[in-house]
Amino acid sequence: MEPAETMVGYRSAMASTALCLLVVSSSVLVTTAAAAGARPPAMFVFGDSTLDVGNNNYLSGPDVPRANKPYYGIDFPGSVSTGRFSNGYNIADYLAKSLGFPWSPPPYLSLAPSSGRLVQAAVAGGVSYASGGAGILDSTNAGNNIPLSKQVQYFKTTKSQMVAKLGSRAANLLLTKSVFLFSVGSNDLFVFAVAEQNKSAAGQQRDAAALYASLISGYSAAVRDLHALGASKFAVINVGLLGCVPAARLHDASGACSGALNQLASGFDDVLASMFSSLASRLPGFAYSLADYYGLSEATFADPRAVGYTDIAGACCGGGRLGAEAPCLPNATVCADRDRHAFWDAVHPSQRGAMLTAQNFYDSRPGRYTAPFNFKELAQTSL
Ligand SMILES: *[C@@H]1O[C@H](CO)[C@@H](O)[C@H](O)[C@H]1NC(C)=O
Ligand SMILES: *[C@@H]1O[C@H](CO)[C@@H](O)[C@H](O)[C@H]1NC(C)=O
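Every chain is numbered on its own, with residues counted from 1 as its sequence reads. The order in which chains are written sets their letters, starting at A; the order in which ligands are written sets their numbers, starting at 1. In keeping with the model being predicted, local features are shown solely for residues with a pLDDT of at least 70 and side-chain atom pairs are shown and tallied solely at 80 or more, while totals for entire chains, interfaces and linings include all residues. As a rule here, side-chain values come from all non-hydrogen atoms in the structure, and water together with hydrogens is ignored.

A. Structural view of the site of ligand 2. The environment of ligand 2 is made up of Ala326, Leu329 and Asn331. Side-chain atoms alone can form a polar contact between residues adjacent in sequence; in general such a contact is a pair of N or O atoms within 3.5 Å, and within protein one must be able to donate a hydrogen while the other accepts it. Residue Asn331 places a side-chain N or O atom 2.4 Å away from an oxygen atom belonging to ligand 2. Here the open area of atoms and residues is found with the Shrake-Rupley method and a 1.4 Å probe, where only the protein chains shown may cover a residue. Protein contact buries 42% of the 360 Å² of open area that ligand 2 shows by itself. Throughout, near means a residue has at least one heavy atom within 4 Å of the molecule or strand.

B. Structural detail: the sheet that holds strand E3 (residues 179-183). Paired strands, as defined in this entry, are two strands with at least two bridges between them according to DSSP. Only runs of H or I of at least four residues qualify as helices and only runs of E of at least two qualify as strands under DSSP, and these elements are numbered from the N terminus. The mixed open sheet is built from six strands, whose spatial order is E2-E1-E3-E4-E5-E10. With partners counted over all chains shown, the strands left at the sheet margins are strand E2 (126-128) and strand E10 (370-371), one partner each. Along the sheet face, helix H2 (residues 91-99) touches strand E1 (43-47), E3 and strand E4 (233-237) and points at about 160° away from the line of E1. The contact criterion used is simple: two residues touch if any of their non-hydrogen atoms lie within 4.5 Å. Lines are fitted to the C-alpha atoms to define the axes, a helix being fitted only along its stretch in contact, and any angle between axes, read from their N-to-C directions, falls within 0 to 180 degrees.

C. Geometry of the packing of aromatic side chains. When two rings of Phe, Tyr or Trp (its six-membered ring) have centres within 6.5 Å they constitute a pair, described as stacked for plane angles under 30 degrees, edge-to-face for angles over 60, and tilted for the intermediate range. Enumeration according to the criterion identifies 26 aromatic pairs in this entry. Pairing Tyr129 with Phe155 gives two aromatic rings, centres 6.2 Å apart and planes at 85°, and the pair type is edge-to-face. Separated by 26 residues along the polypeptide, Tyr129 in the loop between E2 and helix H5 (148-166) and Phe155 in helix H5 bring together distant segments of the chain. Categorising residues by exposure relies on relative accessible area from a 1.4 Å probe, with only protein chains included: less than 20% of the type maximum marks a residue as buried, more than 50% marks it as exposed, and the intermediate range marks it as partly exposed. The exposure class assigned to Tyr129 is buried, which follows from its relative accessible area of 1%. With relative accessibility at 0%, the residue Phe155 sits in the buried group. Arranged with centres 5.9 Å apart and planes meeting at 50°, the rings of Phe301 and Phe343 form a pair that is tilted. With Phe301 in helix H11 (residues 293-302) and Phe343 in strand E9 (residues 341-343), this residue pair connects regions lying 42 residues apart in the sequence. Judged by its relative accessible area of 18%, Phe301 is buried. For Phe343, a relative accessible area of 7% translates into the label buried. The lysine or arginine in question, Lys97, covers the ring of Tyr89, its NZ or CZ lying 4.2 Å from the ring centre. Here, a charge over a ring means that NZ of Lys or CZ of Arg falls within 6 Å of the ring centre while also lying within 35 degrees of the ring normal.

D. Fine view of the side chain of Thr300. Within the element layout of this structure, Thr300 appears in helix H11. Classification of Thr300 by relative accessible area gives buried; the value is 18%. Within polar-contact distance, the side chain of Thr300 engages the backbone oxygen of Leu296 at 2.7 Å. Aside from chain neighbours lying at most four places away, what touches Thr300 is Val307 and Tyr309.

E. Representation of the site of ligand 1 within the structure. In the neighbourhood of ligand 1, the contacting residues comprise Val194, Ala195, Gln197 and Asn198. Gln197 is positioned with one of its side-chain polar atoms (N or O) 3.1 Å from a nitrogen atom of ligand 1. Here Asn198 contributes a side-chain N or O atom positioned 2.4 Å from an oxygen atom of ligand 1. Protein coverage of the free-state accessible area of ligand 1, which is 370 Å², stands at 30%. Here the term charged refers only to Asp, Glu, Lys and Arg, the term nonpolar to Ala, Val, Leu, Ile, Met, Phe, Trp, Tyr, Cys and Pro, and the term polar to all other amino acids, Gly among them. Looking at side-chain class alone, the shell around ligand 1 contains two nonpolar, two polar and no charged residues.

F. Structural context of the pattern of salt bridges. The rule for a salt bridge is simple: a side-chain nitrogen of Lys or Arg has to be within 4 Å of a carboxyl oxygen of Asp or Glu. If you walk through the whole model with that rule in mind, you get four salt bridges. The salt bridge involving Asp93 is made with Arg84; its shortest N-O contact spans 2.6 Å. Assigned by exposure class, Asp93 and Arg84 land together as buried. Residue Lys199 is joined to Asp207 by a salt bridge in which the shortest nitrogen-to-oxygen separation is 2.8 Å. Each member of the salt-bridge network shares a partner with another, and the members are Glu196, Lys199 and Asp207.

G. Inspection of unusual backbone geometry at higher detail. A cis amide bond links Pro70 with the next residue in sequence, Tyr71, at an omega value of 10°. The omega angle of the peptide bond from Ala371 to Pro372 is -5°, so this bond is cis rather than trans. With respect to the element layout, Pro372 can be found in the loop between E10 and helix H13 (375-380). If you check the backbone angles, Ser79 has positive phi at about 50° while not being a glycine. By the element assignment, Ser79 lies in the loop between E1 and H2. A positive phi is found at Leu322, a non-glycine position, where the angle reads about 55°. Mapped onto the secondary structure, Leu322 falls in the loop between strand E7 (317-318) and strand E8 (333-334).

Pasting the structure below:
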């Protein structure tokens, strides 16, 4: 027994030495990339109001959601309302900063009239197509936002102008190394929940299954189209704890989260995870990081004081019960301790919430809130 055990012990000692060497050399590579300041050449942003930095300001119509008035931007440099649905910066801004850019890339609609400015922005750091109210489905809040399919069309226009100016080799090289950021799906689920509110639980469940199928089909088509256009690195934020936003809590007499909305979101997040893992196994040169906004929000709300929140239920800017009965407009009331609020308005995170979220997705231990790796590793991976 003795020699065999020793042999096993020896072998495993050898194996762990080898493992150590591997670990050391890969961390050396990562360190080298970081030391070289290896920021991706650009970031292209797709999705809804969690990422919009002003596209909706260029859309017309009375029902377009726009964050172009006080108190939006009250904590932004110069206290300007830029179109961000936040008191200051949003998640796109903080992720961009983490990746090495000064802030989020500019809104496509602020550049599009000039192909020169569009290409210049794309090369300098990317373009944002995100639009408040947008969904995966064209029918979601139709006419009042840029739906995901149109955002992809706008990217296609961007790429063809890049190719015209830079040539296809340079354009494709830039795109392969760039990060494509997504946060979309919440609006489709909100619209569905309102439309189905009077149906039986069984009816809702059946309809939810059909909804998930059409959402996944639309999302997957967008990702495959972008991949065919040269995108390789996908940083994806799943749908958060929708039932716990102030607007959802308002429907409960005691202000509790809506379990039904949370279930709807979590069911979607499950199929979204399968979709990305399946795309990764089928598409060549495809890398992704899926960030668990739902799980992060759950953990944050379970112990709000750990991150300095004193209010996780109400809107800082608004009016009425939970600050969620009136919109955040110039006639609204605004809280003073904005960094202590998880929510800025009835549905959107505060600037501090956006910062903490971005921080977690960028470099928390992979497997905690991101899989298969975090956004930092995604940006540094070579394909
Ligand atoms: C659900 O029922 C309420 C009360 O009868 C009604 O006001 C509301 O419009 C209904 N919603 C839908 C989507 O049918
Ligand atoms: C502010 O005005 C809007 C309409 O312009 C109204 O819907 C809202 O209730 C008002 N807010 C407050 C806090 O009175």
